[in-house]
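Residue-level structure breakdown
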Amino acid sequence: MLGNFYIEGGVPLRGEYRVKGAKNSALPVMAATVCRGAVYEVYDCPRIGDVFAMEEILRYLGAHTRWENDCIIIDSRGVNKYTVPEDLMSEMRSSVFLMGSLLARCGEAVIHRPGGCNIGSRPIDIHVSGLEQLGFEIEAEQEKIRCKGTCRGGKITLTYPSVGATENLMMAALSGKGDTIIENCATEPEISDLQGFLRTAGFQVFGAGTDTIFIKGTGRSCPGPEQMMYFILEDRIEAATYMSAVMGTGGKAVFRNVRAEIMEKVLCTFEKMGAVIRRYGNTVEIQSTKRLKSPGMVITQPYPGFPTDCQPQLMTLCTLAKGLTTIREEIFESRFTHKNELAKMGADIEICGKNAIIKGSSTLRGAEVEALDLRGGAALVIAGLMAEGSTVVRNTFHIQRGYEELEKGLRTLGGIIETKG
Ligand code: EPZ
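This report concerns the structure included in the present document. (Residues numbered from 1 in each chain as written. Predicted model: local features only at pLDDT ≥ 70, side-chain atom pairs only at ≥ 80, totals over all residues. Heavy atoms only, no water.)

Now for the overall build of the protein chain. Helix and strand content of the protein chain: 14 helices and 23 strands. Each principal axis of the C-alpha atoms in the protein chain carries an extent, and together these give about 60 × 45 × 40 Å. Across the protein chain, the fraction of contacts at a sequence separation of at least 24, relative to all contacts at a separation of at least 6, is 73%. For the protein chain, the distance from the average position of its 48 positive side-chain charges to the average position of its 50 negative side-chain charges is 3 Å. (Helix = DSSP H or I, 4+ residues; strand = E, 2+ residues; numbered from the N terminus. Contact = heavy atoms within 4.5 Å. Lys, Arg positive; Asp, Glu negative; His and termini not counted. Charge placed at Lys NZ, Arg CZ, Asp CG, Glu CD.)

Next up, the structure:
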């Protein structure tokens, strides 16, 4: 269903919001339930399109799943396939994680090459090269990638700290004959969350959060609990998205279930723009009542740098911030799809290679715009809340892939936003 958001701008957002579980933690954790047959209760799992797509794949592979409120219960004991069909792969490219978990479980995996998307070609060469270095046989055909064998263990170094490749290789190495050390790993909090899940499941994985991860090879037999519970990490990108909406509308809000330390670069950028932020425990309070200032130059980088998943939301804020801002997108090659849509609302943005140069103006005017990808779509919703007049954001299915009831959450903060169609 395509779906549209209808937004009335100009209302300062105020109130309290509890941050949900992280999409980018739930997806690898769900894939990891395949590594060893057991019953997994995964709490704080967001009810979003990508999670439902991953759930469908797990069921296809032979797992049983059911929901109890925000907990998905996955019984992976019945997994009896190792091929992920094309139609399910195309639903959600992150199913590439299943290569690692299927190799850990049964030593074989066949996936369809995950397609690119609106933000970039999304290659998986680092995943494939890592698996080959670990001793797996790879047959990379035009559309399919077949992978089988046993991890021999050893030390491998990633050419780039890819989040997905780090997670995939962590899982593939679990059933190794020998131990594995992965160097130049991604250090995102979601990697640490996957490690936490794997250790709760009985595996021995150490070092996540640093650039070097150690995985003890267990062969094919890994003792572990028949049933376990796990609570997903909070979604720092969802938190940053809502905070951007509060800042952009000159509001004030308290965010529960979010630790400042996993989003410090974002919060420091917001403070540079004039937001007043209080951090206490797993609560962050943000207030922004006057016109924002430009943050100057912001470059997206691997964690703990400024996250690429917050770049579109920041761009929207900068359209009304005083001064000239340069945002350099270093992670994905075409993650400025929202620029033309923001321009329809009066934003003054020039793209020059990897750089977006944003000249802060005084107002945005409501318009009819189109969501072209997940975070760009969320950025347009924020723009609609900041603009004068009415905005329609079309193709909100992109947004529903990664945000659970975004319109409902914004309404609890006083935003005027309805979904129709
Ligand atoms: C994860 O994607 C996230 N997705 C992305 O979030 C996030 O933007 C990204 O990490 C960076 O933080 C999930 O966790 C499900 P990468 P991933 O591998 O794993 C290149 C969102 O909006 N690369 O770190 O695909 C790649 O093309 C999504 O929630 C290779 O060249 O990110 C990109 O330019 C978007 N070869 C860069 O590395 C490879 O084999 C970063 O990719 C793998 C990646």
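Further notes follow.
We now examine the site of the ligand. Around the ligand sit 22 residues, and of these D125, I126, S162, D309 and I331 come closest. In this structure, R122 approaches the ligand through a side-chain N or O atom, which is 3.1 Å from an oxygen atom. Between the ligand and the protein, one listed contact pairs an oxygen atom with a side-chain N or O atom of R375 at 2.8 Å. In the complex, the protein chains occlude 87% of the 830 Å² of accessible area that the ligand would expose alone. Elements supplying a minimum of two residues to the shell around the ligand: α1 (23–32), α5 (125–133), α6 (163–172) and α12 (374–386). A total of 3 residues in the shell around the ligand trace back to one element, the largest contributor, which is α5. (Near = heavy atom within 4 Å. Polar contact = N/O pair within 3.5 Å; in protein donor to acceptor, adjacent residues only side chain to side chain. Areas by Shrake-Rupley, 256 points an atom, 1.4 Å probe, with all protein chains shown as cover.)

Before going further, it helps to examine the nonpolar core. One finds M54, L98, L131, L174 and L198 to be the most contacted residues of the largest nonpolar core, which totals 73 residues. Listed in part, the 64 residues of the second largest apolar core include V19, Y242, A378 and L380. (Core = buried A, V, L, I, M, F, W, Y, C linked by side-chain atoms within 4.5 Å. Buried < 20%, exposed > 50% of the residue type's maximum accessible area, 1.4 Å probe, protein only.)

Attention now moves to the layout of surface pockets. Of the voids in this model, the second largest pocket is the one considered here, and its volume is about 270 Å³. Residue lining of the second largest pocket: 19 residues in total, with G248, T249, G250, L320 and M386 positioned closest to the centre. Taken together, the elements giving at least two residues each to the lining of the second largest pocket come down to α8 (236–248) and α12. (1 Å grid on protein atoms, 1.4 Å probe; cavity = no way out; pocket = protein on both sides within 12 Å on 5 of 7 lines; lining within 4 Å. Points joined across faces, edges and corners; volume = space filled by probe spheres on them.)

Moving on, we come to α8. If you check α8, its first and last C-alpha atoms are 18 Å apart, about what 13 residues at 1.5 Å a residue would give, namely 18 Å. Counted residue by residue, α8 has 13 buried out of 13 residues, so it is predominantly covered. The N-terminus of α8 is capped by D235, whose side-chain oxygen sits 2.9 Å from the backbone nitrogen of I237. Backbone geometry just downstream of α8 places G250 in the positive-phi region, at approximately 65°. (Expected span 1.5 Å × (residues − 1).)

To continue, consider the pattern of salt bridges. All chains considered together, the criterion is met by 24 salt bridges. Linking E226 and R77 is a salt bridge whose minimum nitrogen-to-oxygen distance equals 3.8 Å. Placement of the pair is E226 in the loop between β12 (212–215) and β13 (227–231) and R77 in the loop between β5 (71–75) and α3 (86–91), with a sequence separation of 149 residues. In this structure, E405 and K408 form a salt bridge, with 3.7 Å as the shortest nitrogen-oxygen distance. Judged by relative accessible area, which is 38%, E405 ranks as partly exposed. Relative accessible area serves as the criterion here: at 44%, K408 is assigned to the partly exposed category. Look at the salt bridges and you will find they share partners, linking K23, D50 and R401 into a network. (Salt bridge = Lys/Arg side-chain N within 4 Å of Asp/Glu carboxyl O.)

Here we come to the sheet that holds strand β10 (residues 180–183). Spatially, β9-β10-β12-β11 is the arrangement adopted by the 4 strands of the open sheet, whose pairing is mixed. Taken across any chain shown, the strands that pair with only one partner, and hence form the sheet edges, are β9 (154–157) and β11 (205–206). Relative to β10, β9 is paired through 4 bridges, and the arrangement is parallel. Each residue of the ladder has a partner; that of T157, found in β10, is E183. (Pairing = 2+ DSSP bridges.)

Two numbers describe how α1 lies on helix α4 (residues 97–106): the axes approach to 8 Å, and their chain directions differ by 25°. Classified by the interaxial angle, the pair formed by α1 and α4 is roughly parallel. The chirality of how α1 crosses α4 is right-handed. Contact residues: α1 offers L27, P28, A31 and A32, while α4 offers F97, L98 and S101. Split by residue class, the contact of α1 with α4 holds 6 nonpolar, 1 polar and no charged. (Axes fitted to C-alpha atoms, helices over the stretch in contact; angles between N-to-C directions. Parallel < 35°, antiparallel > 145°, perpendicular 65-115°, else oblique. Left-handed = near helix turned anticlockwise from the far one by under 90°. Nonpolar A, V, L, I, M, F, W, Y, C, P; charged D, E, K, R; others polar.)

Attention now goes to empty space enclosed by the protein. Per the counting criterion, the structure on display carries 1 cavity of 30 Å³ or more. The space that makes up the largest cavity amounts to roughly 40 Å³. Along its surface, the largest cavity is lined by K20, G21, P46, I48, D235, E238, G402, Y403 and E404. Taken together, the residues that form the lining of the largest cavity break down as 3 nonpolar, 2 polar and 4 charged.

On to helix α9 (residues 264–272), then. Along α9, the positions that sit buried rather than exposed are V266, L267, T269 and F270. Considered in projection along α9, the buried side chains sweep an arc of 160° and stay on one side of the axis. Immediately downstream of α9, the backbone of G274 shows phi near 110°, a positive value. (Arc of directions from axis to C-beta.)

A word on the sheet that holds strand β6 (residues 108–112). An order of β6-β8-β7 is seen for the 3 strands of this open sheet, with the pairing classed as antiparallel. Edge positions in the open sheet fall to β6 and β7 (137–140), since each of these has one partner strand only. Taken pair by pair, the neighbouring strands of this sheet meet at an average axis angle of 10°, ignoring direction. Judged from the 4 bridges that link them, β7 and strand β8 (residues 144–148) form a sheet pairing that is antiparallel. Residue A140 lies in a different strand from β8, and its bridge partner there is I145. Of the strands in this sheet, β6 and β8 are in contact with α4, which crosses β6 at around 160°.

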